[in-house]
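So the chains spell out like this:
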There are 2 protein chains.
Amino acid sequence: MKEKEFFTTRRTVRSYTDRRISDSLLSEMLEAASHAPTTGNMQLYSVIVTRDNDKKKILAPCHFNQPSVMSADVVLTFCADFNRFVKWCECRNATPGYDNFQSFMTAVLDTTIFAQQFVTIAEMNGIGCCYLGTTTYNAPQIAETLGLPDRVVPVTTLTAGYPASMPEISDRLAADAFIHNERYNDYTPTRIDNIYAAKEAREDSGRFIAENNKETLAQVFTDIRYPKANNEHFSEVYREFIESKKFKI
Amino acid sequence: MKEKEFFTTRRTVRSYTDRRISDSLLSEMLEAASHAPTTGNMQLYSVIVTRDNDKKKILAPCHFNQPSVMSADVVLTFCADFNRFVKWCECRNATPGYDNFQSFMTAVLDTTIFAQQFVTIAEMNGIGCCYLGTTTYNAPQIAETLGLPDRVVPVTTLTAGYPASMPEISDRLAADAFIHNERYNDYTPTRIDNIYAAKEAREDSGRFIAENNKETLAQVFTDIRYPKANNEHFSEVYREFIESKKFKI
């Protein structure tokens, strides 16, 4: 397999040097990423580039003050965007019908494919990136800060810059944990034990459990990192926000 | 910019030779793709590999008989998967709270990032891919065919194989159409004209308009390719299906 080492040794980078990504390189990388696949060649996305420090200071709390926002040379907010396409339709005597869940999902896929292609290109050019999952939690505040109109919904954010240090490579499950041949092979408790054994045996897993006073690593996820009450609260917030931006869910 | 030519000259491939992608190369590429970023390292996805011709025949109508399904060496159905993670939680005395919209969206992002990383890796290894957007239309039939349990939802499908021919490179909008600096720069009718001028001037655009008896290219999208009634019908179907798989939307 070609380029195996590049893909298997990549890592998420959360702290960056002061070195600037030139405007021309940034545009060139975003332009190259736009050649990634897109539904019906509609390109249902926009990216808002934040370089201004005052703007980063406003965005930081939207991302629960994760330090990568202020450390990053650029913050890129990737948005599902049907606004441009709908305006085109309206200028061309065509009646758009994109204020619905399918259209929103189509734009989310386009946007995510575009963002990930950017990550790969940036990493190949020596730039580190970090996705901020908080984008779907605080979309209303982000939209307000960036001036997003109807039919434009933030989906994910990347912080990007030249790496201040290279973190360790993250572990991943063995591939047979997520590859199913011909038919979904559901998980028995024994298989679950096997799949998660290596992750649970890691030194940092033990540390997370101890630091959070939990019994198991799974409890760190369910009780601390991604708890039910948070998920449910932000589900309401995001769904209502998406509907306010004219996609009926 | 490194690798510019690779990224700007890639294309979607819809017809394939008989040459087989070896099982080991396929696994290796999927394994490498799993090193792409994933939320909290949860890897909220599964991929179902279809090589069996009888299974392809059942999947083909789910994708409106797009010929790339039967032509492909493998069909890969990428699914948002909280089943594995929830089963792990349940085996570890942890109470999962992932039956909601945020968790579904998180899994959709993880799945799409994984799928797109696979596409890039496959293309770097001489293999062509095509996304099938029909996956979100006919998810119920796809799930039935592949035996998907609760908390597993098809998000996108790729057909993959060695290219029978290399299609033309698709056009894309100029990058300043989708890049916004600091704040969303909304589109005036004049700017819409400028952004879409090159696409509308293409020879194939004229052909699409003529073949479909339309006045404008935008009408080909709104009236033929992605009409409102279809979008609304499949919005209902997908939302109900996702809820039946235990994600409350």
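Computed from a prediction, not measured in an experiment: that's the story for all the values here.

(A) Geometry of the nonpolar core. Residues Phe85, Phe104 and Tyr238 of chain A together with Phe85, Phe104 and Tyr238 of chain B are the most contacted members of the largest nonpolar core, which totals 112 residues. Each residue touching Phe104 of chain B, except ones within four places of it in the same chain, is listed here: Met105 of chain A together with Val153, Tyr238, Ile242, Phe247 and Ile249 of chain B. The next biggest cluster of nonpolar side chains, apart from the first, holds 64 residues, and it includes Tyr162 of chain A together with Val47, Ala122 and Phe178 of chain B.

(B) Seen up close, the packing of aromatic side chains. If you walk through the whole model with that rule in mind, you get 42 aromatic pairs over all chains. Pairwise contacts between aromatic rings join Phe82, Phe85, Trp88, Tyr98, Phe104 and Phe247 of chain A together with Tyr196, Phe221 and Tyr226 of chain B into one cluster. For the cation-ring pair, Arg19 of chain B lies above Tyr162 of chain B, with the distance from its terminal atom to the ring centre recorded as 3.7 Å.

(C) Structural view of the pairing of strand E3 (residues 128–132) of chain B. Residues and elements named next belong to chain B. Of all five residues making up E3, five are buried, and the element is well covered by its neighbours. Because side chains alternate across E3, one face comprises the buried residues Gly128, Cys130 and Leu132, and the other comprises Cys129 and Tyr131, equally buried. As paired strands, E3 and strand E4 (residues 152–161) are joined by five bridges and run antiparallel to one another. Each residue of the ladder has a partner; that of Cys130, found in E4, is Thr159.

(D) Quick look at the packing of helix H2 (residues 23–33) of chain A against helix H6 (residues 101–124) of chain A. Residues and elements named next belong to chain A. Relative orientation of the contacting elements H2 and H6 amounts to 130°, with a least axis distance of 8 Å. Taken together, H2 and H6 sit at an angle that is classed as oblique. Considering the relative orientation of H2 and H6, their crossing is right-handed. Within the contact between the two elements, H2 uses Leu26, Met29, Leu30, Ala32 and Ala33 and H6 uses Phe114, Gln117, Phe118, Ile121 and Ala122. Split by residue class, the contact of H2 with H6 holds nine nonpolar, one polar and no charged.

(E) How the structure looks around helix H11 (residues 228–244) of chain B. Taking 1.5 Å per residue, 17 residues should reach 24 Å; H11 of chain B reaches 24 Å between its end C-alpha atoms and fits that length. Those residues of H11 of chain B that fall on the buried side of the exposure criterion are Asn231, Phe234, Ser235, Tyr238, Arg239, Phe241 and Ile242 of chain B. Down the axis of H11 of chain B, the buried side of the element spans an arc of 160°, and every buried residue falls inside it. Considering only its buried residues, H11 of chain B is in contact with H6 of chain A together with helix H6 (101–124), helix H7 (139–146) and E4 of chain B. Residue Lys246 of chain B follows H11 of chain B closely and has a positive phi angle near 80°.

(F) Looking closely at the interface of chain A and chain B. In this assembly, 118 residues from chain A lie in contact with 118 residues from chain B. Buried area between chain A and chain B, both sides added, is near 10,800 Å², and the carbon and sulfur share of it is 59%. Three residues, Trp88, Gln102 and Glu182 of chain A, lead the burial of chain A against chain B; their summed loss comes to 8% of the area buried on that side. There are ten salt bridges connecting chain A and chain B. Residue Glu200 of chain A is joined to Arg92 of chain B by a salt bridge in which the shortest nitrogen-to-oxygen separation is 2.7 Å. Here chain A is connected to chain B by 79 residue pairs in polar contact (both at pLDDT 80 or more). With 15 residues, H6 of chain A is the single largest residue contributor to the side of chain A that touches chain B. Residues belonging to the side of chain A that touches chain B are distributed by class as follows: 55 nonpolar, 35 polar and 28 charged.

Parameters at a glance
Residues numbered from 1 in each chain as written. Chains lettered and ligands numbered in written order. Predicted model: local features only at pLDDT ≥ 70, side-chain atom pairs only at ≥ 80, totals over all residues. Heavy atoms only, no water. Core = buried A, V, L, I, M, F, W, Y, C linked by side-chain atoms within 4.5 Å. Buried < 20%, exposed > 50% of the residue type's maximum accessible area, 1.4 Å probe, protein only. Contact = heavy atoms within 4.5 Å. Phe/Tyr/Trp six-rings, centres within 6.5 Å; stacked < 30°, edge-to-face > 60°. Lys NZ or Arg CZ within 6 Å of the ring centre and 35° of its normal. Helix = DSSP H or I, 4+ residues; strand = E, 2+ residues; numbered from the N terminus. Pairing = 2+ DSSP bridges. Axes fitted to C-alpha atoms, helices over the stretch in contact; angles between N-to-C directions. Parallel < 35°, antiparallel > 145°, perpendicular 65-115°, else oblique. Left-handed = near helix turned anticlockwise from the far one by under 90°. Nonpolar A, V, L, I, M, F, W, Y, C, P; charged D, E, K, R; others polar. Expected span 1.5 Å × (residues − 1). Arc of directions from axis to C-beta. Buried area = accessible area lost by both parts, 1.4 Å probe. Salt bridge = Lys/Arg side-chain N within 4 Å of Asp/Glu carboxyl O. Polar contact = N/O pair within 3.5 Å; in protein donor to acceptor, adjacent residues only side chain to side chain.

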